[in-house]
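Descriptive structure summary
So you can see what is in the structure, the chains are spelled out below.
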Amino acid sequence: MSSVKFQGNPVPVKGQFPAVGAAAPDFTLVGKDLAPASLASFGDKRKVLNIFPSIDTEVCAKSVRKFNESAGKVENTVVLCISADLPFAAGRFCGAEGISNVVTLSTFREPGFLEKYGVELAGGPLAGLAARSVIVLDGSNKVIHSELVPEITSEPNYEAALAALA
């Protein structure tokens, strides 16, 4: 079991975080229209999985804005912003912010996604939510970049994720 920190305090994380070179596990999450969205439904596009606890925190919201501005405009690439937020909340946020270059997905019907991707916070005040992480996949869903952010309140390394798409 790996761990991250929340405000400096260690928090255990369940599951095995995908390493570079690994095949990404398949998943089916919930899209903004409440319809299922699987990894396969995004075809052979490269994928940026921006995984975070909740869009209602400043750092999480900032990551959605940043990836909307940058990776969302990269050819043959889709940015998937994944959290436990209900699709209504994510849709409201994106609408209010004018965000249109990302796809929001919810884990609310598929909490097993968190352990499958090695991001399930297993303790602390955010237990049951996702640890902040970024996983970049190539068109065949092989991991080409992965970052489990060591401190939940810190932003991911955007430059490293974008460099993987170059």
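Computed from a predicted structure; not experimentally measured. (Residues numbered from 1 in each chain as written. Predicted model: local features only at pLDDT ≥ 70, side-chain atom pairs only at ≥ 80, totals over all residues. Heavy atoms only, no water.)

Now for the packing of aromatic side chains. For the coordinates displayed, the defined rule picks out 4 aromatic pairs. Between Phe27 and Phe113, the aromatic rings sit 5.4 Å apart at their centres with planes inclined by 90°, giving edge-to-face as the arrangement. With Phe27 in the loop between strand 2 (9-14) and strand 3 (28-30) and Phe113 in helix 3 (residues 112-116), the pair connects residues that are 86 residues apart, well separated along the chain. Judged by its relative accessible area of 2%, Phe27 falls in the buried class. Classification of Phe113 as buried rests on a relative accessible area of 0%. (Phe/Tyr/Trp six-rings, centres within 6.5 Å; stacked < 30°, edge-to-face > 60°. Helix = DSSP H or I, 4+ residues; strand = E, 2+ residues; numbered from the N terminus. Buried < 20%, exposed > 50% of the residue type's maximum accessible area, 1.4 Å probe, protein only.)

With that out of the way, let us pick up unusual backbone geometry. Most peptide bonds are trans, and most residues other than glycine sit at a negative phi. With a phi angle near 55°, Gln7 is a residue other than glycine that sits in the positive phi range. Mapping Gln7 onto the fold places it in the loop between strand 1 (2-6) and strand 2. Positive phi, normally seen in glycine, also occurs at Asn76, with a value near 55°. Among the structural elements, Asn76 can be located in the loop between helix 1 (58-69) and strand 6 (77-83). Judged by its relative accessible area of 40%, Asn76 is partly exposed.

Nothing here speaks to function; it is all geometry.
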